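Results of the structural survey
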Amino acid sequence: MPERATTLGRSDDRRALARAISAAERDDPAAGTLATPGDPAHAPGRLVGLTGPPGSGKSTLADTLVTAWRSAQLSVAVLAVDPSSPFTGGALLGDRVRMQGHAADPSVFIRSMGARGHLGGLAAAARSAVRLLEAERFDRILLETVGVGQSELEVSRVADTVVVVTTPAAGDGVQVMKAGIMEIGDIFVVNKADLDGADRTVREIRGMVRAGTGGDGWTPPVLASVATRAGGVTELVAALDRHHAHLVVSAQLERRRQGRLVDEVVALVARRAEAAARQLVARDGLPLAGGNGSAGPEAAIDPVRIAERLLGRLTAPGPDPSR
Ligand SMILES: Nc1nc2c(ncn2[C@@H]2O[C@H](COP(=O)(O)OP(=O)(O)OP(=O)(O)O)[C@@H](O)[C@H]2O)c(=O)[nH]1
Ligand SMILES: [Mg+2]
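The structure presented is a predicted model; accordingly, all values stated were derived computationally and were not measured. (Residues numbered from 1 in each chain as written. Chains lettered and ligands numbered in written order. Predicted model: local features only at pLDDT ≥ 70, side-chain atom pairs only at ≥ 80, totals over all residues. Heavy atoms only, no water.)

Another point: the overall build of the chain. Check the secondary structure of the chain and you find twelve helices and seven strands. For the chain, contacts bridging at least 24 residues in sequence account for 76% of all contacts bridging at least 6. If you sum the accessible surface of the chain, you get close to 16,200 Å²; carbon and sulfur atoms cover 56% of it. (Helix = DSSP H or I, 4+ residues; strand = E, 2+ residues; numbered from the N terminus. Contact = heavy atoms within 4.5 Å. Areas by Shrake-Rupley, 256 points an atom, 1.4 Å probe, with all protein chains shown as cover.)

A word on unusual backbone geometry. With phi around 65°, R137 is a residue other than glycine that occupies positive phi space. Of note in this structure, K192 is not a glycine but carries a positive phi near 60°. Residue K192 is classed as partly exposed on the basis of its relative accessible area, which comes to 29%. (Buried < 20%, exposed > 50% of the residue type's maximum accessible area, 1.4 Å probe, protein only.)

This part takes up the confidence of the model for the chain. Detailed reading of predicted coordinates is not advised where the pLDDT is low. Model confidence for the chain is summarised by a mean pLDDT of 79, while 71% of its residues fall at 70 or above. The element-level mean pLDDT for the chain is lowest in helix α4 (residues 93–98), coming to 53, with helix α9 (residues 234–249) highest at 95. (pLDDT = per-residue confidence, 0-100.)

A word on the pairing of strand β3 (residues 108–113). Within a regular strand, side chains alternate between the sheet's two faces. Burial analysis of β3 places six of its six residues in the buried class, the great majority of the element. The two faces of β3 match: V108, I110 and S112 on one face and F109, R111 and M113 on the other face are all buried. Relative to β3, strand β2 (residues 76–81) runs parallel, the two sharing six bridges. Bridging from a neighbouring strand, V76 pairs with V108 of β3. (Pairing = 2+ DSSP bridges.)

Once that is clear, we can look at the environment of S250. By the secondary structure assignment, S250 is in the loop between α9 and α10 (252–284). Among the residues examined, S250 registers a relative accessible area of 24% and is labelled partly exposed. A C-alpha to C-alpha distance of 8.3 Å links S250 and G217, two positions 33 residues apart in sequence. Side-chain polar atoms of S250 contact the backbone oxygen of H246, separated by 2.7 Å. (Polar contact = N/O pair within 3.5 Å; in protein donor to acceptor, adjacent residues only side chain to side chain.)

This part takes up the nonpolar core. Considering soluble globular proteins, one finds that nonpolar side chains tend to be buried as a cluster. Ranked by internal contacts, the top residues of the largest apolar core, which has 37 residues, are I21, V81, L133 and L143. At eight residues, helix α5 (residues 122–135) tops the list of elements feeding residues into this core. Residue contacts for L133: discarding those within four places in its chain leaves L17, I21, A77, L79, F109, F138 and I141. (Core = buried A, V, L, I, M, F, W, Y, C linked by side-chain atoms within 4.5 Å.)

Now for the pattern of salt bridges. What the rule picks out here adds up to nine salt bridges. Salt-bridge contacts for R70 lead to D105; the nearest nitrogen and oxygen are separated by 2.7 Å. You can see R70 sitting in helix α3 (residues 58–71) and its partner D105 sitting in the loop between α4 and β3, a full 35 residues away along the chain. Overall, the relative accessible area of 18% leaves D105 in the buried class. The shortest N-O distance in the salt bridge between R305 and D302 comes to 3.3 Å. Salt bridges here are not isolated pairs; linked through shared partners, they connect D160, R257 and R260. (Salt bridge = Lys/Arg side-chain N within 4 Å of Asp/Glu carboxyl O.)

Glancing now at the sheet that holds strand β5 (residues 161–166). Taken in spatial order, the seven strands of this open sheet run β3-β2-β4-β1-β5-β6-β7, and their pairing is parallel. Pairing within the sheet leaves two strands with one partner each, and these edge strands are β3 and β7 (222–224). Between one strand and the next, the sheet's axes are offset by a mean angle of 20°, whatever the strand orientation. In this sheet, β7 lies alongside strand β6 (residues 187–190) in parallel orientation, the contact comprising three bridges. (Axes fitted to C-alpha atoms, helices over the stretch in contact; angles between N-to-C directions.)

Running from N to C, α9 and α10 cross one another at 85°; their axes reach a closest spacing of 5 Å. Compared by their axis directions, α9 and α10 come out roughly perpendicular. Taken together, the residues of α10 that come into contact with α9 (itself represented by H243, H244, H246, L247 and V248) are Q252, L253 and R256. Across the contact of α9 with α10, the residue classes break down as three nonpolar, four polar and one charged. (Parallel < 35°, antiparallel > 145°, perpendicular 65-115°, else oblique. Nonpolar A, V, L, I, M, F, W, Y, C, P; charged D, E, K, R; others polar.)

Considering all chains together, one arrives at one aromatic pair under this definition. Ring centres 6.3 Å apart and planes at 40° place the aromatic pair F109 and F138 in the tilted group. Highlighted residues: F109 in strand β3 and F138 in the loop between α5 and β4 (140–146), separated in sequence by 29 residues. Relative accessible area serves as the criterion here: at 0%, F138 is assigned to the buried category. (Phe/Tyr/Trp six-rings, centres within 6.5 Å; stacked < 30°, edge-to-face > 60°.)

A few words on the packing of α5 against α10. Axis separation between α5 and α10 bottoms out at 11 Å; the angle between their running directions is 125°. Here α5 is positioned oblique relative to α10, judged by the angle of their axes. Both α5 and α10 take part in a crossing whose hand is left-handed. The segment α5 lies against α10, with A124, R127, S128, R131 and E134 engaging R260, D263, E264 and R271. By residue class, the composition of the contact of α5 with α10 is one nonpolar, one polar and seven charged. (Left-handed = near helix turned anticlockwise from the far one by under 90°.)

This is how it looks when you write it as structure tokens:
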């Protein structure tokens, strides 16, 4: 499939993209209008998520992957998302320093995103940012999420392919493979394979993967990597290509993307509906049976019925309460 490298050569373009992502981060509706429409003839970028415990080497892997993809003439965007960080506007210093080797490359865009602001949650902000990057026609979009908690898992679901990064387990075996993470990984990487215990950790995770393999025809490979070495991600690059091919052939790529669109639209509807409901209540009070708008004894006993009445008013034809 022909893939043409995007070049954000003009610093104006870069700034516009950075601004649009900031707007998405703030949940500013203007974000959508700042996106340039993608070239429909261009193959949609592949969206790869990197997730795993802090310090496992995700940013270093991202950096090495960028190098590998750039040598294949592919343009790359990296979005580092840290749910525990309040930073915004690309301020995750460590990540930026680690990827500085690509700072002058017009076909590489690197951006960090923190947890501040976005009403719809970080996953929604990441989804908006990814949509902007897709519109910019990057061939590869890397989404790095720090940690293995619930919000990180949610962010990971935005990706086509999720890579779970761990390190050789010290002492008594793999502990970071918490509930949820085994299910979400399409590829497992034991990074820092230059350290002791990598082989054993690979074997252990393989055992867990086999036990938990679902019925989608893909057995997640478990690879070892040394992100700090130039050729240390060759196997990972090949595994990513294989998984992408699998997604295409099994029609799961389409299904995953469709699922993401549904998630995004439903989340938007939920947010707008909440705003409209609050406005309506602020204007008219709660629609209580007595109709006087103040919370009487009914509020304590029957919020479901009050909610149904409110929903009825929201969906009733007539003046839109959100205007
Ligand atoms: N020995 C060794 N060290 C590595 C390897 N990959 C990364 N490191 C080091 O591990 C440290 C953490 O790497 P990062 O890439 O920042 O890890 P991260 O997962 O992005 O960390 P957070 O974003 O904080 O979660 C750095 O000092 C890296 O140089 C590796 O393959 N082997
Ligand atoms: Mg990092």
